[in-house]
Amino acid sequence: MKDNRSTRWRVDGQRDGRRLPPPPRLYTAHLLFEAAHLTEARERAVEYAEALSLLRPELALGGAACSPAGAWHRAEPLFCGAVGPDGERCADVAGHPGFHHGPGLGGLGWGDGDG
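This is a predicted model, so every value here is computed, not measured.

Visitor: Explain the overall build of the protein to me, using residue names and the numbers behind them.
Guide: Helix and strand counts for the protein stand at one helix and six strands. Scanning the protein from its N terminus toward the C terminus, one meets helices and strands in the order β-β-α-β-β-β-β. In the protein, which comprises 115 residues, the proportion classed as buried is 17%. About 9200 Å² of surface is accessible on the protein, with carbon and sulfur atoms providing 55% of the total.

Given below as structure tokens:
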């Protein structure tokens, strides 16, 4: 293979002879905090994620996870994220009982349960 450069710099990665900017990448911020046990840690992590999403709406709440410090490979999702019939994702905490609900007040509800 003569050309082993990234595909974004090849002809198909150009517009009007100009290079396209690289696509945005996802990054993770790890926040360290103390908690007496895993249940408390999950609750606090949900509170932190929700508070940060109010300040910075571009944050992806659905990708928030919690893990013991130094064990990122054991990260557990904080929010349900189930996909609904209209493509919305459930914004309730992971493992919640009842129906699924889309984000925001009056968000779409779907699924089995007692609401």
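Next comes the rest of the account.
Visitor: Kindly report on a nonpolar patch on the surface, identifying the contributing residues and their values.
Guide: Together, Leu31, Tyr48, Leu52, Leu55 and Leu59 give the surface a local cluster of nonpolar side chains, amounting to about 480 Å² of exposed area. Within the secondary structure, Leu52 sits in helix α1 (residues 38-55). For Leu52, a relative accessible area of 36% gives the class partly exposed.

Visitor: Could you give an account of the pattern of salt bridges, with specific residues and numbers?
Guide: This model, assessed by the stated rule, comprises three salt bridges. For the salt bridge of Glu40 with Arg44, the shortest nitrogen-to-oxygen distance reads 3.9 Å. Taken together, the residues span about one helical turn, with Glu40 and Arg44 both in helix α1 at a distance of four residues. The closest approach of N and O atoms between Glu58 and Arg56, which form a salt bridge, is 2.8 Å. We classify Glu58 as exposed; its relative accessible area is 53%.

Cut-offs applied
Residues numbered from 1 in each chain as written. Predicted model: local features only at pLDDT ≥ 70, side-chain atom pairs only at ≥ 80, totals over all residues. Heavy atoms only, no water. Helix = DSSP H or I, 4+ residues; strand = E, 2+ residues; numbered from the N terminus. Buried < 20%, exposed > 50% of the residue type's maximum accessible area, 1.4 Å probe, protein only. Areas by Shrake-Rupley, 256 points an atom, 1.4 Å probe, with all protein chains shown as cover. Patch = residues over 30% accessible without salt bridge, like charges linked within 9 Å, V, L, I, M, F, W, Y side chains within 5 Å. Salt bridge = Lys/Arg side-chain N within 4 Å of Asp/Glu carboxyl O.

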